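Structural characterization, general
Chain by chain, the residues:
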Amino acid sequence: MYIGGRWVDADGGGRFESDNPYTGKPWALIPRGNAADVDRAVQAARTAFTAGDWPKLNASRRGVLLRTLGDLVTEKSKALAEIEVRDNGKLYAEMSGQTAYMAPWLHYYAGLADKIEGSVIPVDKPDMFNYTRSEPLGVVAAIVPWNSPLLLATWKLAPALAAGNTVVIKPSEYTSASVLEFMKLIEDAGFPPGVVNVVTGFGAQVGMPLVEHPLVAKVAFTGSDATGQRIYEAAARGLKRVTMELGGKSPNIVFDDADLDNAVKGVVSGILAATGQTCVAGSRLLVQQSVHDEFVEKLIAFVKTARMGDPMSLETQVGPIANKAQLEKILKYIDIARSEHATLALGGTRASRPECGDGWFVEPTIFTGVKNSMRIAQEEVFGPVLSIMPFKDEEEAVAIGNDVVYGLAAGVWTQNIRRALTMADRLQAGTVWVNTYRANSYMSPFGGYKRSGFGREGGKDMIAEYLQTKSVWISTSTDVPNPFIQR
Ligand code: NAD
């Protein structure tokens, strides 16, 4: 692990195996951190925040360090992507895109580092000079899931460091290797010791002690809503700031006036990209009744052509499931959908194609005749399982689309601009895509409504999530007036 600028073993020397989902076999040994390691890392981060070179650096120099880090990531992005593929089984084509896209995030927030300003307020009190300062919070805990380990860590790291905080990252126990490798670049970029630290291990032994540590000022979490709720409760006991990027059950809504061939591709990118293991998965497909049967037929024909297999191959379109527990969870949800009498239109089993070997693959699965009250329509599966529901008109599409506890994203397929704008207004989701799906940029805010979380990542304003405001009052009077009344 990387703590206080040094490479260290876990307290007690424990390790655990990390598996390759394509082979189903272990490929790496990861230090098994515990509360003592968390304490070491948080103390190192706190010391780096209050003393040493980091607090002395001016904001432009912080930006230079982040920019250098972005440049180093660009050089190493392919190697980092390979590690991620081995750890979580997502396609190399997708992960190399993600690791390459870390640099723009780092460069964007590098540019913002020296544009954090306060203001002078012409207060209504005579003889008073009042100004504000935007100051960093202190130690930020960044807890990330397994589906996009480095990119999601970067979404937190870049603004947190630009704002002058220090960070302790806790990667998922399923995908720790790439974050550890990334620390070599933090070291090479020249960040002072303790500014960025990594403690690997499990949620209960590392994640929770990190959230509960009294010297942690803020928890930036991405993961499931169940874990998010536990973390939120623990953070509340310490009155800590939190941002929550949680799960979703996003509707992808196809109207009869849409370009149906494009919409098919949009639906596929919503549910088969990353084998459905994305927070924004468009796992509920709503199709207007008048084109329902035609659209479902086109969709099934397209999905049948999807090539499964080795995620490192650029030919592969659908990779394995990231871990065994997730594989079992997906198969369980397929059983639940069957028992709820949804109609299985495609797939529905573990994949036994020769190109899937011993890997953890699930056949792309489509259920029709789904009712929005069914568990398969309400709960996050996080796999290649699509639930299709018909709707009559806009009113019903909005009603079904919003009738879920989540609100992360929504897709709308229409060529009618009035309809596009109306739907974008009415859908309760942090992101609405029209005639596209899964677009994302460091320049645009991303985050959830409802149980999908709060706080935003991306965009210039969200740097405020890593800052606090101080108001400074200076009297310009030669006198201190009546001390018994408030001025
Ligand atoms: P998870 O909630 O199981 O784990 C996420 C992280 O929290 C891991 O590092 C884990 O070790 C840690 N953790 C687990 N229990 C903990 C505890 N009690 N205290 C502290 N930390 C704990 O999620 P996952 O299975 O790794 O990831 C999948 C989930 O992440 C899905 O729900 C998905 O939608 C969500 N996700 C959301 C976004 C987003 O931006 N909104 C992005 C990607 C994934």
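In this report, we go over the structure that sits alongside the text. (Residues numbered from 1 in each chain as written. Predicted model: local features only at pLDDT ≥ 70, side-chain atom pairs only at ≥ 80, totals over all residues. Heavy atoms only, no water.)

In this section: the pattern of salt bridges. Under the counting rule described, the total for this entry stands at 25 salt bridges. The residue aspartate 225 makes a salt bridge to arginine 451 at a minimum N-O spacing of 2.9 Å. In this pair, aspartate 225 is assigned in helix α8 (residues 225-237) and arginine 451 in the loop between β20 (449-450) and β21 (453-454), connecting sequence segments 226 residues apart. Connected via shared salt-bridge partners are Asp256, Asp257, Glu394, Arg418 and Arg419. (Salt bridge = Lys/Arg side-chain N within 4 Å of Asp/Glu carboxyl O. Helix = DSSP H or I, 4+ residues; strand = E, 2+ residues; numbered from the N terminus.)

This next bit is on a nonpolar patch on the surface. Together, Val120, Phe129 and Ile474 line one region of the surface with nonpolar side chains, adding up to about 260 Å² of accessible area. Mapping valine 120 onto the fold places it in strand β5 (residues 120-121). What makes valine 120 exposed here is its relative accessible area of 55%. (Patch = residues over 30% accessible without salt bridge, like charges linked within 9 Å, V, L, I, M, F, W, Y side chains within 5 Å. Areas by Shrake-Rupley, 256 points an atom, 1.4 Å probe, with all protein chains shown as cover. Buried < 20%, exposed > 50% of the residue type's maximum accessible area, 1.4 Å probe, protein only.)

Looking now at the sheet that holds strand β14 (residues 343-346). Reading across from one edge, β14-β15-β16-β13-β12-β18-β19 is the order of the seven strands in this open sheet, with mixed pairing throughout. Of all strands in the sheet, those with a lone pairing partner are β14 and β19 (431-434), marking the two edges. Looking at each pair of strands side by side, their axes are set apart by 25° on average, direction ignored. (Pairing = 2+ DSSP bridges. Axes fitted to C-alpha atoms, helices over the stretch in contact; angles between N-to-C directions.)

The next subject is the pairing of strand β16 (residues 385-391). Burial within β16 is extensive, with six of its seven residues counted as buried. As judged from the five bridges shared by strand β13 (residues 284-288) and β16, these two strands associate in the parallel manner. If you follow glutamine 288 over to β16, its bridge partner there is phenylalanine 391. With three bridges joining them, strand β15 (residues 365-368) and β16 adopt parallel strand pairing. Pairing of isoleucine 366 across the sheet is with leucine 386, part of β16.

This part covers the packing of aromatic side chains. The full count for this structure, using the stated rule, is 16 aromatic pairs. Geometrically, the ring pair formed by tryptophan 146 and phenylalanine 382 is edge-to-face, given 5.3 Å between the ring centres and 80° between the ring planes. Here phenylalanine 382 lies in the loop between α12 (375-378) and β16 and tryptophan 146 lies in the loop between β7 (139-143) and α5 (149-162), a separation of 236 residues in the sequence. Clustering of aromatic rings is evident, with ring pairs tying together Tyr101, Trp105, Tyr108, Tyr109, Trp155, Tyr442 and Phe446. (Phe/Tyr/Trp six-rings, centres within 6.5 Å; stacked < 30°, edge-to-face > 60°.)

As a further point, take the site of the ligand. In the region of the ligand, 28 residues are neighbours, and Val144, Glu173, Ser224, Leu246 and Glu380 sit closest. Within the contact set of the ligand, an oxygen atom lies 2.9 Å away from a side-chain nitrogen or oxygen of lysine 170. In this structure, an oxygen atom belonging to the ligand sits 2.6 Å away from a side-chain N or O atom of glutamate 380. Expressed as a share of its isolated accessible area of 850 Å², the protein-covered part of the ligand is 90%. Across the shell around the ligand, the residue classes tally to 14 nonpolar, nine polar and five charged. (Near = heavy atom within 4 Å. Polar contact = N/O pair within 3.5 Å; in protein donor to acceptor, adjacent residues only side chain to side chain. Nonpolar A, V, L, I, M, F, W, Y, C, P; charged D, E, K, R; others polar.)

Moving on, we come to the side chain of glutamate 380. Structurally, the position occupied by glutamate 380 is in the loop between α12 and β16. No salt bridge is formed by the buried glutamate 380; the nearest opposite charge belongs to lysine 329, separated by 5.3 Å. Within the local environment of glutamate 380, its side chain forms a polar contact with the backbone nitrogen of glycine 248, the two atoms lying 3.1 Å apart. Ignoring sequence-local partners within four residues, the contact set of glutamate 380 consists of Gly247, Gly248, Lys249, Cys279, Lys329, Tyr333 and Tyr406. (Lys, Arg positive; Asp, Glu negative; His and termini not counted. Contact = heavy atoms within 4.5 Å.)

A few words on the packing of helix α13 (residues 394-402) against helix α14 (residues 417-426). Contact pair α13 / α14: the axes reach a minimum separation of 11 Å and the direction vectors enclose 30°. In terms of orientation, α13 lies roughly parallel with respect to α14. Crossing hand, α13 versus α14: right-handed. Residue-level contacts link Glu394, Glu395, Ala397, Val398 and Asn402 of α13 to Arg418, Arg419, Thr422, Met423 and Arg426 of α14. Classifying every residue of the contact of α13 with α14 by side-chain character gives three nonpolar, two polar and five charged. (Parallel < 35°, antiparallel > 145°, perpendicular 65-115°, else oblique. Left-handed = near helix turned anticlockwise from the far one by under 90°.)

With that out of the way, let us pick up helix α1 (residues 35-50). Taking 1.5 Å of rise per residue, 16 residues should cover 22 Å, and α1 covers 22 Å from first to last C-alpha, within 8% of that figure. Every buried residue belonging to α1 is among Asp37, Val38, Ala41, Val42, Ala44, Ala45, Ala48 and Phe49, and all of these are buried. Seen along its axis, α1 keeps its buried residues to an arc of 155°; they face one direction. (Expected span 1.5 Å × (residues − 1). Arc of directions from axis to C-beta.)

Let us look at the nonpolar core. By size, the foremost hydrophobic cluster in this structure holds 84 residues, and its most contacted members are Phe182, Phe191 and Leu299. Take this core: its biggest share by element is ten residues, from α5. In terms of domain composition, this core takes at least three residues from each of domain 1 (2-246 + 452-472) and domain 2 (251-434). In this view, phenylalanine 191 contacts Trp54, Leu65, Leu66, Leu69, Leu161 and Ile186; residues no more than four positions away in its chain are not counted. With 30 residues, the next largest nonpolar core counts Ile330, Phe367, Ile376 and Phe391 among its residues. (Core = buried A, V, L, I, M, F, W, Y, C linked by side-chain atoms within 4.5 Å. Domains from an automatic or database assignment.)

On to helix α10 (residues 292-304). Here α10 contains 13 residues, and its C-alpha end-to-end distance of 18 Å stays within 8% of the 18 Å for a straight helix at 1.5 Å per residue. Looking at the buried side of α10, the elements it contacts are β12 (251-254), α9 (260-271), β13, β14, β15 and β16.

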